[in-house]
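Fold and contact review
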Amino acid sequence: MKQLLAFIRKEFYHVFRDRRTLLILFGLPIAQIVLFGFALSSEVKNIGLAIQDNAQDVQSEQIISKIESSSYFKVKEPILHYKDIEKRFREGEIKCAVIFPANFGSDLYKAEGAQIQVIADASDPNNATIVTNYLNTIIGNYQQELNPTVKPSYQIVPEIRQLYNEEQNGSLNFIPGVIALIFMIVSTALTSVAVVREKELGTMEILLVSPFKPIMVLIAKAIPYLVLSLIDFIIILLLSVFFLHVEIRGSLVLIFAESILFIITCLSLGLLISNITASQQTAMLISMMGMMMPTMILTGFMFPLENMPKVFQWISHIVPSRYYYSIIKSVMLKGLGFKYVWKETLILAVMATGLLTLALRNFKIRL
């Protein structure tokens, strides 16, 4: 036991002496959580919009005032001539244009109603749809305020409720995925050089003659990164709660238990990479680049898995972060318990066991 503690202490010393390791361990997670939480959002805001008001009446001015007061739009200089609209779209100045006809105010009270032309930049179809929906809502609300007593012979009023994110906080979509991405990259990358570093430094011979069992060597190398990854996780949770205003609805104990299981899975993968590679650069390249893309693309937090071809959906089943992302989203954001995530937990446990077994087998062969 003393030998194991001494080996673990040695690994801690190595981590704290290596500034690059500390930067990856603590700098990268904080940078990612700030970047994804503050800078990136699925919400569409500050949309460049220009208006051509041919009516110049009270009604058009009232609608324009509502558009200007909305945080979704940034109203640019008005359009003077219709032919200038396409030019301003090409220059990228605006993403949407609104044109009021000359008789807009008087047409409002006619049976046919008034029309407003909305032109949107559909080079990004999703943004174009969101923009037009925003404008439809603003115009619809104005029409309701203008004629509150006028109702059709029948009426269908949808009552909309946003579950789990009523405030429409865009950070909630990214936080679980970023946590999975950080663990997958950091934990895997740091342990991926743990064994291969011994080969390059020429200290593998010490391991060969030591009374340590191979499993103890791997455990001693993994424990420091497990502890430091948990510290990372605590920092991420504190940033999420106090800076990104993410409410943790589920059990903290369950979240920590699932995170430990996922960290062990990542550490086991890193040890396996470290055993099958010949240099630290190769190990780092495989762990960083090889794990980043599958985690970002095949986890589901950036691109819906349901929209992907079947072959990519099948491949996603071998990516551990897919299951951890599903667990964290269910427990942290929805407040669900273990009975709703036991299948994903079981898959992660099987993956961790299999990866650790492969790492141990390859380590024995190397010895």
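Here we summarise the structure given alongside this text. Fair warning: this is a prediction, and the values are worked out from it, not measured in the lab. (Residues numbered from 1 in each chain as written. Predicted model: local features only at pLDDT ≥ 70, side-chain atom pairs only at ≥ 80, totals over all residues. Heavy atoms only, no water.)

We now examine the packing of aromatic side chains. The final tally for this structure, using the stated rule, is eight aromatic pairs. Ring centres 6.1 Å apart and planes at 55° place the aromatic pair Phe 183 and Tyr 324 in the tilted group. With Phe 183 in helix α7 (residues 175–192) and Tyr 324 in helix α14 (residues 320–333), this residue pair connects regions lying 141 residues apart in the sequence. Taking the relative accessible area as the measure of exposure, Tyr 324 reaches 0% and is therefore buried. (Phe/Tyr/Trp six-rings, centres within 6.5 Å; stacked < 30°, edge-to-face > 60°. Helix = DSSP H or I, 4+ residues; strand = E, 2+ residues; numbered from the N terminus. Buried < 20%, exposed > 50% of the residue type's maximum accessible area, 1.4 Å probe, protein only.)

For the pair α7 and helix α11 (residues 252–276), interaxial distance at closest approach is 7 Å and the crossing angle is 40°. Relative to α11, the element α7 is oriented oblique. Here α7 and α11 pass one another in a crossing that is right-handed. Counted together, Ala 180, Phe 183, Met 184, Ser 187, Thr 188, Thr 191 and Ser 192 of α7 and Ser 259, Phe 262, Ile 263, Cys 266, Leu 267, Leu 269, Gly 270, Leu 271, Ile 273 and Ser 274 of α11 form the full contact between these two elements. When the residues that make up the contact of α7 with α11 are grouped by side-chain class, the tally is ten nonpolar, seven polar and no charged. (Axes fitted to C-alpha atoms, helices over the stretch in contact; angles between N-to-C directions. Parallel < 35°, antiparallel > 145°, perpendicular 65-115°, else oblique. Left-handed = near helix turned anticlockwise from the far one by under 90°. Contact = heavy atoms within 4.5 Å. Nonpolar A, V, L, I, M, F, W, Y, C, P; charged D, E, K, R; others polar.)

With that out of the way, let us pick up the sheet that holds strand β4 (residues 117–120). Spatial ordering of the open sheet is given by β2-β1-β3-β4, a layout of four strands whose pairing is mixed. Looking at which strands have only one partner, the edges of the open sheet turn out to be β2 (73–75) and β4. Adjacent strand axes in the sheet meet at a mean angle of 25° when their direction is disregarded. Of the strand pairs in this sheet, strand β3 (residues 96–100) and β4 are connected by four bridges, and their pairing is antiparallel. Bridged to Val 98 within β4 is Val 118. (Pairing = 2+ DSSP bridges.)

So, about the packing of helix α8 (residues 194–201) against helix α12 (residues 280–298). It is at 9 Å that the axes of α8 and α12 come closest, and there the two elements cross at 165°. The angle between α8 and α12 falls in the class roughly antiparallel. Here α8 runs over α12; the crossing is left-handed. Contacts between α8 and α12 involve Val 196, Arg 197 and Glu 200 from the former and Gln 280, Gln 281 and Ala 283 from the latter. Within the contact of α8 with α12, the residues separate by chemical class into two nonpolar, two polar and two charged.

Here Ser 287 shows up in helix α12. When the C-alpha atoms of Ser 287 and Thr 188 are compared, they prove to be 5.9 Å apart, with 99 residues separating the residues in sequence. Leaving out residues up to four positions away in the same chain, Ser 287 has contacts with Thr 188, Ala 189, Ser 192 and Ile 273. Of note is the side chain of Ser 287, whose polar atom sits 2.9 Å from the backbone oxygen of Ala 283. (Polar contact = N/O pair within 3.5 Å; in protein donor to acceptor, adjacent residues only side chain to side chain.)

For helix α10 (residues 214–242), with 29 residues, the first-to-last C-alpha span of 43 Å sits near the 42 Å given by 1.5 Å per residue. Most pronounced at Ala 222, the bend in α10 amounts to some 25°, and the proline Pro 224 follows within four residues. (Expected span 1.5 Å × (residues − 1). Bend = angle between axes of the 7 residues up to and from the residue.)

Residues Ile 179, Phe 183, Tyr 324 and Met 332 are the most contacted members of the largest nonpolar core, which totals 65 residues. Every residue in contact with Tyr 324, bar those within four places of it in the chain, is listed here: Ile 179, Ala 180, Phe 183, Phe 233, Glu 258, Ser 259, Phe 262 and Leu 348. Counting residues in hydrophobic clusters, the runner-up holds 18 residues, among them Ile 63, Phe 73, Phe 100 and Val 131. (Core = buried A, V, L, I, M, F, W, Y, C linked by side-chain atoms within 4.5 Å.)

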